[in-house]
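These are the residues of each chain, in order.
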Amino acid sequence: MTTIRVLIADDQVMVRQGFTVLLNAEPGIEVVGQAVDGLDAVAKVAELAPDVVLMDVRMPVLGGIEATRRITSAPDARVKVLILTTFDLDEYVYEALRAGASGFLLKDASVEELARAVRVVAAGDALLAPNITKRLIVEFSRMTATPRAPLKDRIGDLTERETEVLSLIAQGLSNAEIAQLLVVAEQTAKTHVSRILAKLGLRDRTQAAVFAYETGLVRPAGY
């Protein structure tokens with residue numbers, strides 16, 4: 001089993017220590033370091049090369065959203081950022097995802113939910129708490145109401161099938177679910193996802209979902 005290396009960035013020492021104890025008790029997860037603020041997190045990522053960063057939103061010196069932007073925009077960045085916060089405001093959700101976060105989870109999540117979140121984002125999948133997803137849909141719906149260039153110009157050179165797969169990713173379907181719906185092998189669905197990310201220059205499925213909503217390829221039901 002490959003061990004997932006985690007860095008915890010939070011300005012509260014009790015939070016850092018608590019998460020460290022909880023995650024180190026989980027099989028296949030190791031906390032390799034702690035950061036006291038966003039600037040420290042950027043430095044620790046360069047030094048320790050973690051797989052996942054648990055990033056607080058509100059921190060001194062440099063906030064979690066800007067730290068996320070700096071970390072994920074670095075050349076050849078492979079680290080995934082999971083935003084942890086007590087705040088579930090729309091602006092944090094949207095800005096964190098735009099900055100490159102792969103997931104967003106409230107701090108009152110259970111140990112099981114936290115460990116699952118780390119594993120999900122480490123695997124390159126999206127992670128959003130259900131109550132946050134609702135807010136995100138509203139924000140995307142507001143954005144896509146703005147007139148834009150023709151859809152074909154916005155999605156680049158994606159094939160018809162890749163465009164279809166992208167819309168399914170935005171709806172939250174897994175590779176297995178996409179394969180079942182399109183009646184193809186799961187490996188074929190996985191290949192489509194990889195090609196979509198490569199063509200659009202996206203890091204993971206979370207970014208693909210954001211892109212699909214931003215371009216208007218997918219519009220939330222009821223909006």
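The following paragraphs examine the structure supplied in this document. Residue positions are given per chain, counted from 1 along the sequence in the order it is written. Per-residue local features are limited, in this predicted model, to residues with pLDDT of at least 70; the limit for side-chain atom pairs, both in listing and counting, is 80 or more; totals at the level of whole chains, interfaces and linings are taken over all residues. In computing side-chain properties, one takes all heavy atoms of the structure into account and sets aside hydrogens as well as water.

**A short note on the packing of helix H1 (residues 13-24) against helix H5 (residues 111-122)**
What counts, and what does not: Convention adopted: a line fitted to C-alpha atoms gives each axis, helices being fitted over their contacting stretch, and angles between N-to-C directions are expressed from 0 to 180 degrees. In this description a helix means any DSSP run of H or I spanning at least four residues, a strand means any run of E spanning at least two, and both kinds are numbered starting from the N terminus. Geometric relationships in this document are graded by angle, where less than 35 degrees denotes roughly parallel, more than 145 denotes roughly antiparallel, 65 to 115 denotes roughly perpendicular, and other angles denote oblique. The contact criterion used throughout is that any non-hydrogen atoms of two residues lie within 4.5 Å. The residue classification treats Ala, Val, Leu, Ile, Met, Phe, Trp, Tyr, Cys and Pro as nonpolar and Asp, Glu, Lys and Arg as charged. All others, Gly included, are polar.
Put simply, H1 and H5 touch, their axes get as near as 10 Å, and they point 80° apart. Between H1 and H5, the crossing angle belongs to the class labelled roughly perpendicular. In contact with Phe19, Leu22 and Leu23 of H1, H5 contributes Val111, Leu114, Ala115 and Val118. In terms of residue class, the contact of H1 with H5 is made up of 7 nonpolar, no polar and no charged.

**Things to note about unusual backbone geometry**
Negative phi characterises most residues that are not glycine, and trans characterises most peptide bonds. Quick reminder of the rule: Throughout, exposure labels follow a simple rule: accessible area from a 1.4 Å probe, protein chains only, divided by the maximum for the residue type, with under 20% read as buried, over 50% as exposed, and the rest as partly exposed.
Positive phi, close to 50°, is recorded for alanine 49, a residue that is not glycine. By the secondary structure assignment, alanine 49 is in the loop between helix H2 (38-48) and strand S3 (52-56). Under the relative-accessibility criterion, alanine 49 is labelled exposed at 51%. Positive phi values are uncommon outside glycine, yet valine 61 reaches one of about 70°. Tracing the backbone through its elements, the reader meets valine 61 in the loop between S3 and helix H3 (64-72).

**A closer look at the side chain of threonine 72**
So the rule is basically this: Side-chain atoms alone can form a polar contact between residues adjacent in sequence; in general such a contact is a pair of N or O atoms within 3.5 Å, and within protein one must be able to donate a hydrogen while the other accepts it.
Mapping threonine 72 onto the fold places it in helix H3. Separated by 2.9 Å, the side chain of threonine 72 and the backbone oxygen of alanine 99 make a polar contact. Discounting residues that sit within four places of it in the chain, threonine 72 has contacts with Ala77, Val81, Ala99, Gly100 and Arg203.

**Topic: the pattern of salt bridges**
This is how the line gets drawn: For this analysis, a salt bridge means a side-chain nitrogen from Lys or Arg found within 4 Å of a carboxyl oxygen belonging to Asp or Glu.
What the rule picks out here adds up to 8 salt bridges. Measuring nitrogen to oxygen at the nearest pair gives 2.7 Å for the salt bridge that ties aspartate 10 to lysine 107. With a gap of 97 residues between them, aspartate 10 in the loop between strand S1 (4-9) and H1 and lysine 107 in the loop between strand S5 (103-106) and H5 connect regions that are remote in the sequence. No difference in accessibility class separates aspartate 10 from lysine 107, as the two residues are buried. In this structure, aspartate 56 and lysine 107 form a salt bridge, with 3.4 Å as the shortest nitrogen-oxygen distance.

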